[in-house]
Amino acid sequence: MEQNQENNIFESWFGKTVKTPFIISGPCSAESLSQLTETARLLAATNKISVFRAGIWKPRTRPGSFEGAGEKGLGWLKKAKDETGFRTIVEIAHPKHIDLCNKYDVDMFWIGARTTSNPFSIQELCEAIKGTDKPVFIKNPVNPDIELWIGAIERFKNAGISKIAAIHRGFYPFEKTIFRNMPKWEVAIELKIRLPHLPVLCDPSHIAGDRQFLAEISQKALDLNMDGLMIESHPCPEKAHSDANQQITPQNLNKLIDSLVFRKPDNAADDFHSLLNKYRDQIDSLDFQLIDLLSKRMNVVEKIGLLKKDNAITILQLRRWQDIIKSRTKYGLKLGLSEELVEKLLGFIHKESIQKQTDIMNDRKNQEK
Ligand code: PEP
Ligand code: MN
């Protein structure tokens, strides 16, 4: 991979010892001393990792699954750190986590997506962290609410934390998608536009939910000029106690990093072009989501077509169509879209839907002949 020496914002935080690109890696969860030290050794051997991560307290969706090793995991992490010289980072979600991390010489903290979603929890952490000045990496909230994300960043700033970075880990999808979390890149780009000096990393592991997509998402993040990556690694991913599908071996991580193309930002010095490119990246992300939605809508249209056919109902339902136009144009107006745009767009989509349903009817007719 081509190295870009000029563009590592973390050099000003940690000095020349950080690698480019800036990569945080390590297991989703600390599971045992041997798992942690083996991962750290293998990662150190790649010479490509700047910070070693391990989850010590795990926020699990349902009770009863592995909830983290707790304090003894911090002891293992300290041993891994002493052996490899890695800086370490741990997720904190409760004030008592901060004290314990300090006791075991953890270098920095990350805030998980579920915690960022809750300003009460963030405020509690901020009260507890005052007086220390360890770097804090703040993941996006579970929902794509940029104000909530910025709010958490502001709270840590107000608590006197001088080294703050954000981590984009995608957003909870309401419907099943190929990724575990929707990237919605436009939100991360908006954050970069609103807080130009804030380093923003990407966490492809939690976006993907599946290791097969890690390279693609990592490349996209680099192409969007993200400031680094957080990628989960495990010596034996299939056996991991949490997030087994998305972790990769340190050896495969090494190959993944080698496969990435690191493009220099085109017009970094030119504010106009750099902003224009950011807006264009937002448009790209939104266009793909529009097409995703159109395809989902068309799948439903198809189901309706089959239902109408089986129940001998006409394709065109004029009343329903009038209701659609009325409610959608009203909604569009509220969002600043002209009636004409919404009407024309829906008219076009509707025409295509009618065609699809006609094809379904004809197809059935042919089959019945
Ligand atoms: C993690 O990094 O292991 C984690 C729990 O992440 P998130 O908060 O993004 O779900
Ligand atoms: Mn995880």
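Keep in mind that this is a model prediction, so the values were computed, not measured. (Residues numbered from 1 in each chain as written. Chains lettered and ligands numbered in written order. Predicted model: local features only at pLDDT ≥ 70, side-chain atom pairs only at ≥ 80, totals over all residues. Heavy atoms only, no water.)

### Observations concerning the nonpolar core
Then, number 1: Core analysis: the largest hydrophobic core is formed by 68 residues, its most contacted members being Ile129, Ile138, Phe156 and Leu191.
Then, number 2: By size, the runner-up hydrophobic cluster in this structure holds 15 residues, among which are Val18, Phe22, Ile167 and Leu201. (Core = buried A, V, L, I, M, F, W, Y, C linked by side-chain atoms within 4.5 Å. Buried < 20%, exposed > 50% of the residue type's maximum accessible area, 1.4 Å probe, protein only.)

### Quick look at the site of ligand 1
Then, number 1: In the neighbourhood of ligand 1, 13 residues make up the surrounding shell, with Arg53, Lys58, Ala113, Lys139 and Arg169 lying closest.
Then, number 2: A distance of 2.8 Å is found between an oxygen atom of ligand 1 and a side-chain nitrogen or oxygen belonging to Arg53.
Then, number 3: Between ligand 1 and His206 there is a distance of 3.3 Å, counted from an oxygen atom to a side-chain nitrogen or oxygen.
Then, number 4: Surface burial for ligand 1 is 97%, taken as the share of its 300 Å² of free accessible area covered by protein chains. (Near = heavy atom within 4 Å. Polar contact = N/O pair within 3.5 Å; in protein donor to acceptor, adjacent residues only side chain to side chain. Areas by Shrake-Rupley, 256 points an atom, 1.4 Å probe, with all protein chains shown as cover.)

### Topic: the coordination of the manganese ion (ligand 2)
Then, number 1: For the manganese ion (ligand 2), the full set of protein donor atoms is Cys28 (SG), His206 (NE2), Glu232 (OE) and Asp243 (OD), and the range of their distances to it is 2.1 to 2.4 Å.
Then, number 2: All donor residues of the manganese ion (ligand 2) come from one chain, and their arrangement in sequence is C-x177-H-x25-E-x10-D. Of this pair, His206 sits in helix α9 (residues 204-208) while Asp243 is found in the loop between β8 (229-232) and α11 (250-259), placing the two residues 37 residues apart along the sequence.
Then, number 3: With a relative accessible area of 18%, Asp243 lands in the buried category. (Donors = N, O, S within 2.8 Å, 3.2 Å for Na, K, Ca; no water. Helix = DSSP H or I, 4+ residues; strand = E, 2+ residues; numbered from the N terminus.)

### Topic: the packing of aromatic side chains
Then, number 1: Tallying each qualifying case throughout the model produces 10 aromatic pairs.
Then, number 2: The interplanar angle of 20° and the centroid separation of 5.9 Å between the aromatic rings of Phe10 and Phe137 together place this pair among those described as stacked. Linking Phe10 in the segment before α1 (11-14) with Phe137 in strand β5 (residues 136-139), this pair joins segments that are 127 residues apart in sequence.
Then, number 3: For Phe10, a relative accessible area of 0% gives the class buried.
Then, number 4: Their ring planes at 15° and their centres at 5.7 Å tell us that Phe52 and Phe86 sit as a pair that is stacked. With a gap of 34 residues between them, Phe52 in strand β2 (residues 51-53) and Phe86 in the loop between α3 (71-84) and β3 (87-91) connect regions that are remote in the sequence. An identical accessibility class is assigned to Phe52 and Phe86; each is buried.
Then, number 5: Here the aromatic residues Phe10, Trp13, Phe14, Phe22 and Phe137 are joined through ring pairs into a cluster of three or more. (Phe/Tyr/Trp six-rings, centres within 6.5 Å; stacked < 30°, edge-to-face > 60°.)

### Looking at the state of the cysteines
Disulfide: a covalent bond connecting the sulfur atoms of a pair of cysteines.
Then, number 1: The tally for this structure, following the rule as stated, stands at 0 disulfides.
Then, number 2: Of the cysteine sulfurs around Cys202, a residue in no disulfide, the closest is that of Cys28, at 16 Å.
Then, number 3: According to the relative accessible area criterion, Cys202 is buried, its value standing at 0%. (Disulfide = S-S within 2.5 Å.)

### With respect to the side chain of Asn140
Then, number 1: Relative to the assigned elements, Asn140 resides in the loop between β5 and α7 (146-158).
Then, number 2: For Asn140, a relative accessible area of 0% translates into the label buried.
Then, number 3: Polar contacts involving the side chain of Asn140 include one to the main-chain amide nitrogen of Arg169, which spans 2.6 Å.
Then, number 4: Looking at Asn140, its side chain comes within polar contact range of the main-chain oxygen of Gly170, at 2.9 Å.
Then, number 5: For Asn140, the contacting residues outside a window of four places in its chain are Ala113, Thr116, Trp149, Ile167, His168, Arg169, Gly170 and Phe171. (Contact = heavy atoms within 4.5 Å.)

### So, the confidence of the model for the protein chain
Then, number 1: Residues at a pLDDT of 70 or more form 95% of the protein chain, whose mean pLDDT is 93.
Then, number 2: Within the model, pLDDT remains below 50 along residues 1-5, and this stretch shows 13 contacts once partners closer than five positions in the same chain are excluded. (pLDDT = per-residue confidence, 0-100.)

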